[in-house]
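Close look at the chain arrangement
Below, each chain spelled out in residue letters.
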Amino acid sequence: MPIAFDERRKIFKLDAAGSSYLIGIHEDRYLAHLYYGAYIPDDNLTDFARRREYASFSASDPERKDPSFSPDTCPFEIGGSGTADMRIASVAIRNADGNDVTDFRYVSHRIFDGKPALPGLPSLYEETPGDCRTLEILTRDDTTHAECVLRYTAYEKYPAITRSLTLKNGSGKTMEIERAMSLCLDMNSADFDLVTLYGRHNQERNFTRRPLSHGLQGIASRRGSSSHQQNPFLALISRGGGEDHGEAYGFNLVYSANFLGEIEVDYNESARVILGINPDDFGWRLAPGEEFTAPEAVMVFSAEGLGGMSRAFHRLYNHNLIRGAWKTKKRPLLVNNWEGTGMRFDDEKLYAIAKWAAETGIEMFVMDDGWFGRRDDDTSSLGDWFVDEKKFRHGLGAFIDRVTALGLKFGIWFEPEMISPDSDLFLAHPDWAIGVPDRKRSEGRQQYVLDMTRKDVRDYIFERMKDILGNNDVSYLKWDFNRNVTEPGSALLPPEKQKEFYHRYILGTYELMGRIVDAFPGLLVENCSGGGGRYDPGMLAFSPQIWCSDNTDALSRVDIQFGSSLCYPASVQGAHVSASRRSSYETKRNVAMWGSFGYELDPEKIREEDRAAIREQIADYHKYYDLIHRGDLYRLICPWDDPYKCAWEFVSEDKTEALTTVLVKFRTEGRNFFLRLKGLDPDKTYVFEENGEEYSGALLMNAGINLFGMPNEDGYSKTLHFTASR
Ligand code: GLA
């Protein structure tokens, strides 16, 4: 049973595939955090809420009975505000008296099978009946009558627990939520390194690792999106731990807008982790009886280092987050015209690409930006979702018919949340763009952002999209988002609700995405935000794949893919072979195969010898599809450990097949290169496809393969394929 309550000790115990999480109800009804880590069979941990001593500066309840208890030191499940718990607050509500003292105490709980969906927000789900169980704990602030329901779901097959909370105004007066962090976790030790993923456009999700130190440290976005700059992911790895060993805790927020992930190491050497909506620029008014639900946070534990943590995230997301027709269905191999043509094309140019694609064995043609309005460059037309008849002289439908007659599926690009100042839509509805009174709007890529908090705006965009998607044979939608939000404000929100803008924005976007996905259940949606600016689990609930980065240069793309793999599976990673100059088609293929594979180029410019290589690549795409999309990833040599070369490996779930890729980023002189594999069955015998030699799994993992003869050249790469013979 993954969740149990010990009546005598008043302890909740959540067990999730090799991990345990324990919560105690203190005698004063505080919810104390007792333990999170590797599985323990029993729950005799009442003592863990106590700390050695506290000085007069650690305040406490005047009626307290237990001298070893102070809210200043007790590990909590919820960090109140303005109370004797002086650490970073996880929840703060300003009440009708004007103060924000917030102090939630246990009232009741219920434990049930499955998992409820969160209103208006994406979240993980129960994949098969009984694969997860939920604990809901009702807490109340006895003074203000605010209520908080803490929700925990434990998964049977994965070492994962998801958390969310709902705040309710149980008083007769309006309150304002100032902080509603989805996760608050007081670790019993601060002896960890913090791993986060930072970046920028074209270089997303770089791995960085630093020791926790006293005080505050963390990551945030205030860009209106989860952002290229910081991913809403952080991990704690025990000091000295690494890819295969050490205790790793991963935290990820199922949210696509402003977030904060912060850690405070206090004077007791414990670490409080909070993760949720960024409280900067956030506020939410709650009228009497109203509720507010914060997004879901995912926690994964592994005693096998960062590698074990990543594999648990991958399986969890493949099974319990990604949904819809394309969750398990094989994704079509596509060609996208963006890098080949930009916006300068017409139907004949696109048809030539589609024709080459069909002849080469590609399965889908995706038409990118530039098909609508007067969009010949990025200065105009976003919002004018009407086909440009100069480019499609016989109409879009006729063009799509020609493409599908080639045996290809057809995909299309939209940027639904945007509006160009130079557009008919902006002329008609200037107030539909986000902005604040008397202040110029900042431009980003010469465009503004539509006010997705407004239903009329969403309805209009939905109708335009429905017109194009519904009246044409469209199989795939690329949903882009190419700038950050500035001057956040909606013409329709009253001043006292303007602080709700950012969260309302993303709720509006989710609502529109949900409507599109529901209206077109067969559509394959690929999310994109200038590459991977919204590469987060919130988006994955609507689109099973995300364009990983606009950077398609294999040698730098590989670093982005390594970073992304910390918590996102290969199946979601849009990765294409492009015409970028730096590497061979072999290396481009090897890197792009780590994901949802495709092409992004102008076939006219491909050299004859590369055309044949592309045909072979397509055969390999089919050969390795299941292994890459469903197998387990092992990072063998990471770019953050070795600047010269890197290697990664996919192993099938039953350990009968493995595909390893090695890439020399920069040539180095005179080094040995024994590559040790991981994740195989030591007792199985594997055949190395290249030479037919047989090796035991134990040999391949302990001694490795000697790659002394491999060409030592910048950008050289190769794949090594092993299949179990017995
Ligand atoms: C973004 C995307 C690209 C392409 C362009 C089109 O940058 O990441 O793939 O779709 O927009 O404008």
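Thresholds, definitions, all that
- Per chain, residues are indexed from 1 in the order of the written sequence.
- Confidence filtering applies because this is a predicted model: local features only for residues at pLDDT of at least 70, side-chain atom pairs given and counted only at 80 or more, and all residues used for totals across whole chains, interfaces and linings.
- With hydrogens and water set aside, each side-chain value is computed from the structure's full complement of heavy atoms.
- The term salt bridge refers to a side-chain nitrogen of Lys or Arg lying within 4 Å of a carboxyl oxygen of Asp or Glu.
- Secondary structure follows DSSP: runs of H or I at least 4 residues long count as helices, runs of E at least 2 residues long count as strands, and numbering of each begins at the N terminus.
- When accessible area is computed with a 1.4 Å probe and restricted to protein chains, residues below 20% of their type maximum are described as buried, those above 50% as exposed, and intermediate ones as partly exposed.
- In protein, a polar contact requires one atom able to donate a hydrogen and another able to accept it; more generally it is a pair of N or O atoms within 3.5 Å, and residues adjacent in sequence count only if both atoms are side-chain atoms.
- Residues count as neighbours in contact if any of their non-hydrogen atoms are within 4.5 Å of one another.
- For each residue, the test is whether any non-hydrogen atom lies within 4 Å of the molecule or strand; if one does, the residue is near.
- Charged means Asp, Glu, Lys or Arg here, nonpolar means Ala, Val, Leu, Ile, Met, Phe, Trp, Tyr, Cys or Pro, and polar covers whatever is left, Gly included.
- The axes used here are C-alpha line fits, helices contributing only the stretch in contact, and every angle between their N-to-C directions lies in the interval 0 to 180 degrees.
- Just so you know how the angles are binned, under 35 degrees is roughly parallel, over 145 roughly antiparallel, 65 to 115 roughly perpendicular, and the rest oblique.
- Here a crossing is called left-handed whenever its near helix is offset anticlockwise from the far helix by less than a right angle, and right-handed whenever the offset is clockwise.
- In a helix, the anticipated span is given by 1.5 Å times the number of residues less one.
- Disulfides are defined as pairs of cysteine sulfur atoms found within 2.5 Å of each other.
- Paired strands are those between which DSSP finds at least two bridges.

One pass over the full model with this rule turns up 66 salt bridges. The shortest N-O distance in the salt bridge between Glu296 and Lys115 comes to 2.5 Å. In this pair, Glu296 sits in strand E20 (residues 296-302) while Lys115 sits in the loop between strand E6 (105-113) and strand E7 (132-140), placing the two residues 181 residues apart along the sequence. Overall, Glu296 belongs to the buried group, its relative accessible area being 2%.

With that out of the way, let us pick up the side chain of Arg589. Summarising the element assignment, Arg589 is placed in helix H10 (residues 585-592). Within the local environment of Arg589, its side chain forms a polar contact with the side chain of Asp620, the two groups lying 2.2 Å apart. Once residues lying within four places of it in the same chain are set aside, the contact partners of Arg589 are Val577, Phe597, Gln617, Asp620 and Thr719.

The subject of this paragraph is the site of the ligand. Around the ligand, 13 residues are found, and the nearest of them are Asp368, Asp369, Arg445, Lys478 and Asp550. Between an oxygen atom of the ligand and a side-chain N or O atom of Lys478, the distance comes to 2.8 Å. One nitrogen or oxygen atom from the side chain of Asn482 is found 3.1 Å from an oxygen atom belonging to the ligand. Class assignment of the residues belonging to the shell around the ligand gives a composition of four nonpolar, three polar and six charged.

So, about the packing of helix H6 (residues 455-470) against helix H7 (residues 501-519). Between H6 and H7, whose axes approach to 11 Å, the crossing angle comes to 25 degrees. When the axes of H6 and H7 are compared, the pair comes out roughly parallel. The interaxial crossing formed by H6 with H7 has right-handed handedness. Taking contact as the criterion, the partners of Arg458, Asp459, Ile461, Phe462, Met465 and Leu469 in H6 are, on H7, Gly508, Glu511, Leu512, Arg515, Ile516 and Ala519. For the contact of H6 with H7, the residue count by class is seven nonpolar, one polar and four charged.

The terminal C-alpha atoms of helix H3 (residues 347-360) lie 20 Å apart, and with 14 residues this matches the ideal 20 Å at 1.5 Å per residue to within 8%. Regarding H3, the residues found buried are Asp347, Leu350, Tyr351, Ile353, Ala354, Trp356, Ala357 and Thr360. On the buried face of H3, the contacting elements are strand E21 (334-336), helix H2 (338-341), strand E22 (364-367), helix H4 (396-405) and helix H11 (608-630). With a side-chain oxygen positioned 3.1 Å from the backbone nitrogen of Glu348, the residue opening H3 is Asp346. Where H3 ends, the next residue or the one after it, Gly361, has phi of about 105 degrees, a positive value.

Here we take up unusual backbone geometry. A positive phi angle is found at His145, which is not glycine, with a value near 65 degrees. In this structure, His145 sits in the loop between E7 and strand E8 (146-155). What makes His145 partly exposed here is its relative accessible area of 39%. In this structure, Arg205 is a non-glycine residue whose phi angle is positive, near 55 degrees. For Arg205, the position within the fold is in strand E12 (residues 203-211).

On to the state of the cysteines, then. Across all of its chains, the model carries zero disulfides by this definition. You can see Cys74 has no disulfide; the closest cysteine sulfur is in Cys184, sitting 11 Å from it. For Cys567, which is in no disulfide, the shortest distance to another cysteine sulfur is to Cys548 and amounts to 12 Å.

Pairing within the closed barrel is parallel, and its eight strands lie in the order E21-E22-E23-E26-E27-E28-E29-E30. Taking the axes of each pair of neighbouring strands and ignoring which way they run, one obtains an average angle of 30 degrees across the sheet. As paired elements, strand E27 (residues 524-527) and strand E28 (residues 545-547) share two bridges and run parallel to each other. Paired with Asn527 across the two strands is Ile546, which belongs to E28. H6 rests against strand E23 (409-414) and strand E26 (476-479) of the sheet, and its axis sits at about 165 degrees to E23.

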